[in-house]
Structure formats: C-alpha cells, structure tokens
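# Survey of secondary and tertiary structure
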Amino acid sequence: MSLLGTITSPEDVQRLTPEQARELAAEVRAFLVDSVSRTGGHLGPNLGVVELTIAMHRVFSSPTDTFVFDTGHQSYVHKLLTGRQDFSALRKQGGLSGYPSRAESDHDVVENSHASTALSWGDGIAKANVVRGLTDRHVVAVIGDGALTGGMAWEALNNIAESQDRRLVVVVNDNGRSYSPTIGGLAHHLSTLRTTHGYESFLQWGKRTLNRSGAPGRFAYEWLHGLKKGLKDVVAPQGMFEDLGIKYVGPVDGHDVEAMEHALRRAKAYGAPVIVHAITEKGRGYTPAEQDVADRFHAVGKIHPETGLPVAPSRFGWTSVFADEIVQIGRRRSDVVAITAAMLEPVGLKPFAQAFPERTFDVGIAEQHAATSAAGMAFAGLHPVVAVYATFLNRAFDQVLMDVALHKAGVTFVLDRAGITGDDGASHNGMWDMAMLRIVPGLRLAAPRDEETLRTALREAVDVDDAPTVVRYPKGALSDALPAVDTVDGVDLLAVPAGSTDEAASDAAPRARVLLVGPGSMARVALEAAESLTAHGVDVTVASPTWVLPMPSALVKLAGDHDLVVSVEDGVADGGVGALLAQRASEAGVRTPVRALGLPAQFLDHATRDQIASAYRLTAADVARDVLDALAAHARG
C-alpha cells in the first residue's frame, strides 16, 4: 500500500518520520496530477501547497486547531490528509466539493470561496476562543499573496494586531500569483522579500562572526540586534507587517516540510498573532503547469496527465466573443478602458491588454475599488468596462449603487459566468445579479442570448454615458444563433403563433394564448417549451428581450395581449426579471397572470448546469408542463 493510502486522519500524518513526510509529499503530488486530470479542477494551486499543508497538519491538530483556507481552492491536499481520498467525482453531484465543505468533514470550517476573507474569519474565531477561555487551540489562516491585494484582508490584519492574546497564525502562501502574476505595491514588497537573503541570515552571520571576537564583538552583536527594526527594513523589509504589531517569521521555503514545520512551531509557541511567510511555486512538480506562463494550470478541465493538453478542445465560448468584440470597440473608441480584478485572462481581457496595455488596469482582488475607480475614470472622461465573474460583483454592490449609479457614471460591467455555473458550488453560481441589480436606479442590464446579441449589447452599453450598464452572459460554449422572427418596440420575438385560415379552425374553440419570456441563456428553453405547447394546441409567443432592465414597456403590453405569461430565468426568481414583469404589469392594469420561474433563494450544491436546471424544474419539458397545469387550473376556476 502507498503511504498516502495509510493516511486516514491528521494523527497519521503526525506519526510520520521526516523522510516519510517527504515521501508523502511526492505521493500527494502524483495523486493530484492523476486524479484532477481525470475530473478537472484547481490543479496548480494545490500542487503549490503540498508540503505547506503537510507541515500544518504535523504541527497543529485539526479540528481542535481551526484551519481556514482563503478562497479554498487550495484545500485538496487538506482533504487528502483528513481522510477524503476518493476524488473520482470531484466537483460533481454527490462527489467532493472543489472547496472546503462543512458537510464533508469537521476539518472544514469556511466554505466561502470569495477571496480575502480568511483573516477576518480567523480573527473572529480567535477572539471567540479568548472569550470562551479556550487556550488549548490555535487558528491557522492560509492566505495567498493574491488575496492580500483585497482590502478586506488589511482590515482584518489591522484588527488582528490589536491584541496579543489571540493564538492566530497567518500563513502567507506567496507564489507571486493569484490567477496570473500578482500585481500592485504589495506584490512588489513581497517580491523584495522573496529575493533577499533576509534579516535572520544576516543576524546568524553576525552572531557567528562577532561572538568570536570577545567582549567587544559580543557588544557589537547586541547593538546590532538592537537595531532589529531598522535593519529589517534594509535587509528584508518585512517591517510593513511588524509595523502593524504582528510578529513575522520568514521567508520560508514552502516546499521544505522540515523548514515549514520549524517556522510553524516557532509561530505556535509565540502565543500571539504571527505571520509565517512561505515562498511556494504554483504548479510545483508538474512540468506542464510550471511551463504554463498564463496561470500555472490554476483551473483545468480534463487533461492528458502526460502532456497537460485538454482531452477535448474547448468550444468557442461566450468569453471569447466578448474578448473579440471589446478589442474591436477599443479600436473605434480611444476613451474605452478595461478593468479586471486579478482575472485578466479568465474574463477575456487579455487580447485587449495586448492591444491597449496603457488602457488596461488590473486592480488585484479588489472589486470594490474596481467599481469606484471606474466611477472616477468616467467622471474624468473615459468609459470603463469592468469585467468580472457575476458572483464577484456581489462584493461591490454598494459601490455600484452609491459611487456609480448615484453619480450617473457611464460604466459598463460585464458579468461572465452569470446564472447557473454549477461545478464550483454555492459561492460561484452567478444567480443573484438580476434580482440584486434591478433595484439600482437608472441601471440598464442586458441578457444576450447568442453571439450577435452579445456583440450588439456591448456596443450599445458603451454608448451609454449617464448611467451604469451591465451585460451578463453564462459560462461555457455558445449556443447556436437564435434569430428574431419579429421585433416589437425593441423586444425580440423568437416565435409567434402560426396563422390559421381554414374554416374548421375558425369554427373551433379559441386557443389559449401564452407568452413565454426567456431572457439570455433561457431563450432556447422557452423555444423548446413552445414547440411542445404548440403540439398541445396552445398558441405561443416567445419573447427574448436583450435589455431586461429597466423592464421594457413593450413586454408589459405583450403581456396584456395573452392569457398567461410565463417568464423563465437562470437567476433567483424572487425579485428577478419575471417578478419585475408581474409588478409592472399589475401597475399598468394588466390582468394577465404572470408566473415567474427561476431558481430559489437558496445556496445550491455543486452539480452540472443541466442537473441544477432539472432539479429546479427549469428544463423545457418542465416549463411546458407548468404552463399546461396553469392553463388547466385557470379553466377550472
């Protein structure tokens, strides 16, 4: 049996000899490459924390000692060392989550995979331990250098430094990257630390040399040691951390188990907040990842483990269309600039950055700053395009509301992975945006359904200079084109009832008239449902408005021309587009019932998009069945 196969709990890790710990690291790395290449997942981040995580479990005792992983995508090694070694269904329904999960293990505490939160969690848990008199436990918070670009992390550090009675160890996993290389002033500071020999090495030299010189030498050494703070700033400027009042240990080689153990034991013994600065390499030990300049295999689909090449080529996707169109817009409009929050490549802004480097701004993991900075740019005569995953705009809602909308700033937010994303679980589903943004005064939101409507929506969005605009689209491959057969005051109709001229039909009972509204990725679902309903003798009109906020008046008018309206969206139904249509119809005196189908206001477990749609009755068959049931109930009552 392999050494990894004998590990069922952290206690098994603690019993290993140093040589066995190094052997375990090699086995874990091989396991990750083999398993994640079959399922897809976050490979690069986990390859970078193998030894670091082993050392944590050898020094601390989880779950008595609490481990918190910022973002959480680097928790695969932690899962393996806490008895979860079946990765066959990783990130699939019924399998292990790609992030820490309380449902899986008592060793997992924080499930939220939004960055820069771990230090606040750690501070809160450590404070609670003090209040409850639990002096037998520590909190270990692992945060990457990329997450330290988020302001929330520094708010936490400011509070962590407030008291010296909290047993809290902050491990800075410094690999110089978030998705791509980490940028900003903090990154430059950490880079300096990575490339200096360090204060500790200098003092060791002084101790060896001066102490051999008798009393004068010993006096010189003590004087030198007394200059600790100033010397640190010159030789290894970690003073930034110690200025906050937090003890600093490092930099440490994060791929040396024994060195990491030594540093962590020093931190544990100190009995107050300590920062342990570990230098790691994302993708460590896997040549294809190490050679991937873009993101070191941050997240991969199914790949060939020998080469790192995809098992199946990716289909042309929504992000690629945005990437192409924004460059075309940039060529026509010199005032258009792009902003990303540490995700230049994932959101499709890399081609824009290559074409217009002076007009591209990566602000780090700081969505709040991105939004307000964009408002400032708009005031100064630019039109910023802020591209983020839909789930991450949640973090900047106040800035969208008070800094952008209140000031009527012409800022375009492009939301990638809107709606159901699936395999990354509750924290990454982009299902909140439409319900959340519909209350922002003046905001206009587009939900394009195909390539052409996406390109058109982007061009229209950047032409708005007196209000925020939002363009949202889903994760993955593009669907086939869905051309409109008619347009009513800007609202596209994808299907209308076929006219009937034969006498038999004219003498028959009137057919029920149903309006199906399918914005964005739900347009195809509405069309397929319409085909089924037509076969059941229902006259169906399918509307797919590209611009859904504010609610088009033409859609309200169309509602009044039908017997039933059913809206289908891949966002939260409560307060979503369908709910808004029902409200506007009621306000206009339209008596047609409006049913809003969408997702519940719940956190959804990881699963595929199709599985989630099926579970919450958002398939074409479900929609058709709901319409028939509603018509039958109306006929009875």
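Residues numbered from 1 in each chain as written. Predicted model: local features only at pLDDT ≥ 70, side-chain atom pairs only at ≥ 80, totals over all residues. Heavy atoms only, no water.

What follows is about the sheet that holds strand β16 (residues 547–549). Hydrogen bonds between backbone atoms are what pair the strands of a sheet, whose relative direction is either parallel or antiparallel. Taken together, seven strands build an open sheet; the order of strands is β7-β6-β8-β9-β11-β10-β16 and the sheet is mixed. Each end of this open sheet is capped by a strand with a single partner; those strands are β7 (360–362) and β16. For this sheet the average axis-to-axis angle between neighbouring strands, irrespective of direction, equals 25 degrees. Bridge count between strand β8 (residues 383–389) and strand β9 (residues 412–416): five bridges; the pairing is parallel. Note on β9: the bridge partner recorded for Val386 is Phe413. Contacts between helix α21 (residues 451–462) and the sheet are confined to β8, β9, β10 (444–446), β11 (469–472) and β16, with β11 contributing the most and set at about 165 degrees to the helix. (Pairing = 2+ DSSP bridges. Helix = DSSP H or I, 4+ residues; strand = E, 2+ residues; numbered from the N terminus. Axes fitted to C-alpha atoms, helices over the stretch in contact; angles between N-to-C directions. Contact = heavy atoms within 4.5 Å.)

The calculated volume of the second largest pocket comes to roughly 550 Å³. Lining the second largest pocket we find 23 residues, and of these Glu111, Gly425, Ala426, Ser427 and Leu604 sit closest to its centre. A class-by-class count of the residues in the lining of the second largest pocket yields seven nonpolar, 12 polar and four charged. (1 Å grid on protein atoms, 1.4 Å probe; cavity = no way out; pocket = protein on both sides within 12 Å on 5 of 7 lines; lining within 4 Å. Points joined across faces, edges and corners; volume = space filled by probe spheres on them. Nonpolar A, V, L, I, M, F, W, Y, C, P; charged D, E, K, R; others polar.)

Contact pair helix α15 (residues 318–332) / α21: the axes reach a minimum separation of 10 Å and the direction vectors enclose 40 degrees. In terms of their interaxial angle, α15 and α21 are classed as oblique. You can see that α15 and α21 cross each other, and the crossing is right-handed. When α15 is examined against α21, the residues Trp318, Val321, Phe322, Asp324, Glu325, Gln328, Ile329 and Arg332 are found in contact with a partner set consisting of Glu451, Leu454, Arg455, Leu458, Arg459 and Val462. For the contact of α15 with α21, the class distribution of residues is seven nonpolar, one polar and six charged. (Parallel < 35°, antiparallel > 145°, perpendicular 65-115°, else oblique. Left-handed = near helix turned anticlockwise from the far one by under 90°.)

On to the environment of Leu148, then. Along the polypeptide, Leu148 turns up in the loop between β2 (139–144) and α7 (151–160). Take Leu148: its relative accessible area is 2%, and that puts it in the buried class. (Buried < 20%, exposed > 50% of the residue type's maximum accessible area, 1.4 Å probe, protein only.)

Okay, the pattern of salt bridges next. Considering all chains together, one arrives at 35 salt bridges under this definition. Of the charged contacts in the structure, one is a salt bridge between Arg455 and Glu451, with a shortest N-O distance of 3.1 Å. Here Glu451 and Arg455 lie together in helix α21, a separation of four residues that amounts to about one turn. Overall, the relative accessible area of 12% leaves Arg455 in the buried class. (Salt bridge = Lys/Arg side-chain N within 4 Å of Asp/Glu carboxyl O.)

Along the chain, Ala418 falls in the loop between β9 and α20 (433–437). Each C-alpha atom of the pair Ala418 and Gly430 lies 4.3 Å from the other, and the pair is 12 residues apart in sequence. Discounting residues that sit within four places of it in the chain, Ala418 has contacts with Ala390, Gly430, Asp433, Arg472, Tyr473, Pro474, Lys475 and Asp570.

Pairing is mixed in the open sheet, where six strands are placed in the order β12-β13-β15-β14-β17-β18. Edge positions in the open sheet fall to β12 (486–488) and β18 (594–599), since each of these has one partner strand only. Each strand of the sheet is rotated relative to its neighbour by a mean of 25 degrees, with strand direction disregarded. Pairing analysis gives five bridges linking strand β14 (residues 513–517) to strand β15 (residues 539–543), with the strands arranged parallel.

Quick look at the nonpolar core now. One finds Phe413 and Leu437 to be the most contacted residues of the largest nonpolar core, which totals 50 residues. Here this core takes six residues from helix α17 (residues 367–379), the largest share from any one element. The contacts of Leu437, once residues within four sequence positions are left out, are Leu393, Val400, Leu415, Leu443, Leu445, Val470 and Leu549. If you look at the next biggest cluster of nonpolar residues, it comprises 35 residues, including Leu494, Val568, Ala607 and Ala613. (Core = buried A, V, L, I, M, F, W, Y, C linked by side-chain atoms within 4.5 Å.)

Per-chain confidence: the protein chain averages 87 in pLDDT, with 87% of residues scoring 70 or above. Note that residues 193–197 has pLDDT below 50 and, in this model, 13 contacts with residues that lie over four places away or in other chains. (pLDDT = per-residue confidence, 0-100.)

If you walk through the whole model with that rule in mind, you get seven aromatic pairs. Between Trp318 and Tyr473, the aromatic rings sit 6.2 Å apart at their centres with planes inclined by 10 degrees, giving stacked as the arrangement. Taken together, the positions of Trp318 in helix α15 and Tyr473 in the loop between β11 and β12 put the pair 155 residues apart, joining distant regions of the chain. The exposure class assigned to Trp318 is buried, which follows from its relative accessible area of 3%. On the basis of relative accessibility, which here comes to 1%, the residue Tyr473 falls in the buried class. Centroid distance Phe322 to Tyr473: 6.4 Å. Interplanar angle 40 degrees. Geometry classified as tilted. Within this pair, whereas Phe322 is found in helix α15, its partner Tyr473 is found in the loop between β11 and β12, the two being separated by 151 residues in sequence. Exposure class is identical for Phe322 and Tyr473. Each is buried. Through a chain of ring-to-ring contacts, the aromatic side chains of Phe31, Tyr76 and Phe87 assemble into a single cluster. If you follow Arg359 out to its NZ or CZ, it ends over the ring of Phe356, 4.2 Å from the centre. (Phe/Tyr/Trp six-rings, centres within 6.5 Å; stacked < 30°, edge-to-face > 60°. Lys NZ or Arg CZ within 6 Å of the ring centre and 35° of its normal.)

On to the packing of α17 against helix α19 (residues 397–405), then. Between α17 and α19, the least distance of the axes is 9 Å, while the angle of their chain directions is 10 degrees. In this view, α17 runs roughly parallel relative to α19, as classed from their interaxial angle. In contact with Gln368, Ala371, Thr372 and Ala375 of α17, α19 contributes Gln399, Asp403 and Val404. Residues that form the contact of α17 with α19 fall into these classes: three nonpolar, three polar and one charged.

Time to look at α7. Residues of α7 that are buried include every one of Ala153, Ala156, Leu157 and Ile160, and no others. In an axial view of α7, the angular spread of the buried residues amounts to 100 degrees, which keeps them on one side of the axis. Pointing more than 90 degrees away from the buried face of α7 are the exposed residues Glu155 and Asn158. Looking at the packing, one finds that the buried side of α7 touches α6 (118–131), β2, β3 (168–174) and β5 (274–279). (Arc of directions from axis to C-beta.)

As a further point, take unusual backbone geometry. A negative phi angle is the norm for most residues apart from glycine, just as the trans form is the norm for most peptide bonds. In this structure, Pro63 follows Ser62 across a cis peptide bond, with omega equal to 10 degrees. Leu549 connects to Pro550 through a cis peptide bond whose omega is -5 degrees. As for its position among the elements, Pro550 is in the loop between β16 and α24 (553–560). With phi around 55 degrees, Arg617 is a residue other than glycine that occupies positive phi space.

With 17 residues, helix α27 (residues 620–636) extends 25 Å between its outermost C-alpha atoms, agreeing within 8% with the 24 Å of an ideal straight helix rising 1.5 Å per residue. Restricting attention to buried positions, one finds in α27 the residues Ala620, Asp622, Val623, Ala624, Asp626, Val627, Ala630 and Leu631. Residues of α27 that are buried make contact with β14, α23 (523–535), β17 (564–572), β18 and α26 (609–615). (Expected span 1.5 Å × (residues − 1).)

What follows covers the pairing of strand β13 (residues 491–495). Burial of β13 is extensive: five of the five residues sit out of reach of the surface. For β12 and β13, the ladder comprises three bridges, and the chain directions are antiparallel. Counterpart to Thr487 in the pairing with β13 is Asp492. Between the antiparallel neighbours β12 and β13 lie two residues, among them Asp489 with a positive phi of about 50 degrees.

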